[in-house]
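Observations on the model geometry
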Amino acid sequence: AAYLEWRRYRHVAALHTDLVLAEEDRDERAVDAFAQCAARIATALSVSQYVAERLLDNAVALRDRLPRVFECLRDGVVSPSYIRTIVSRTELIHGRSYQGLVDADIADALRKPGSWSTGRVRDLCDQMVYRRDPDAVRERRDDALKGRCFFTEAGLDGMATVGATMSAEQAAIVARVVERLAAQVCRHDSRTKTARASDALFALVKHAPFGCDC
């Protein structure tokens, strides 16, 4: 599967070389060469334009920024499912003098015996980038903090989802406060643990009392 994905990325990168590279410095069209190239990929693979553009982004990053990691994919050393994580966590090193060093560091780590998860791959990339340029990691964290948000999403059967993005430290505090309040019920309370937590969060927001439903 990894080898087949490597072949697909290689063909996509070749298409980028033929259709985009010659145009990208002077292409000011609303639908530029990159978008047109992605449209061809979307048509050929029967995927959306968004998926095709993401595929094109990954292919170019592997070709130009992460050639050693690209070899790991070819050799079946890394799962295709982790490629997007590696690409996204190394975006800040593009064009930096240490770009090749980070690529080599990640590739060498991937080739060592052991298993991987998305979280471990993410932490590996962050560690290798931090080793070469701590300021880049801080810059990414600052950018992430600037993008924090609050949202609601309508669901089915009269339900909805409420969420917020925030720093990991703040999220841990919120979770601890909600869990502490939700735990202050007797053993006869009929709600599930997650339902109690949902009710506890609403009570906190409304400054309303929270108790058992027994």
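Scope of this entry: the structure provided in the associated data block. Model, not experiment: these values are computed from the prediction. (Residues numbered from 1 in each chain as written. Predicted model: local features only at pLDDT ≥ 70, side-chain atom pairs only at ≥ 80, totals over all residues. Heavy atoms only, no water.)

1. As for the layout of surface pockets
Under the convention used in this document: A 1.4 Å probe that fits but cannot get out identifies a cavity on a 1 Å grid over protein atoms alone, an open set with protein on both sides within 12 Å along at least five of seven lines counts as a pocket, and a residue lines either if it has an atom within 4 Å of a point. Grid points are joined across faces, edges and corners, and a volume is the space filled by probe spheres set on the points. Here a strand is any run of E in DSSP of at least two residues, a helix any run of H or I of at least four, and the numbering for each starts at the N terminus. Residues are grouped as follows: Ala, Val, Leu, Ile, Met, Phe, Trp, Tyr, Cys and Pro are nonpolar; Asp, Glu, Lys and Arg are charged; all remaining types, including Gly, are polar.
Taken as a whole, the largest pocket holds about 740 Å³ of empty space. Lining the largest pocket are 25 residues, with V162, V178, A197, S198 and L201 sitting closest to its centre. Listing elements by their share of the lining of the largest pocket, those giving two or more residues are β2 (160–164), α9 (168–182) and α10 (193–206). Take the lining of the largest pocket: its biggest share by element is 10 residues, from α10. Classifying every residue of the lining of the largest pocket by side-chain character gives 17 nonpolar, 4 polar and 4 charged. The volume enclosed by the second largest pocket comes to roughly 270 Å³. Ranked by the residues each element gives to the lining of the second largest pocket, the list is headed by helix α8 (residues 134–146), at 5 residues. Here the lining of the second largest pocket is built from residues that sort into 5 nonpolar, 3 polar and 4 charged.

2. Comments concerning the packing of aromatic side chains
Spelled out, the test is: Geometry of aromatic contacts follows a simple scheme: Phe, Tyr and Trp rings, the Trp one being its six-membered ring, pair when their centres are within 6.5 Å, and the pair is stacked under 30 degrees between planes, edge-to-face over 60, tilted otherwise. When accessible area is computed with a 1.4 Å probe and restricted to protein chains, residues below 20% of their type maximum are described as buried, those above 50% as exposed, and intermediate ones as partly exposed.
Under the counting rule described, the total for this entry stands at 2 aromatic pairs. Taken together, a centroid distance of 6.2 Å and an interplanar angle of 50° make the contact between W6 and F70 tilted. Residue W6 is found in helix α1 (residues 2–19), and its partner F70 is found in helix α4 (residues 67–74); the two are separated by 64 residues along the sequence. Across the pair, F70 and W6 agree in class, each one buried.

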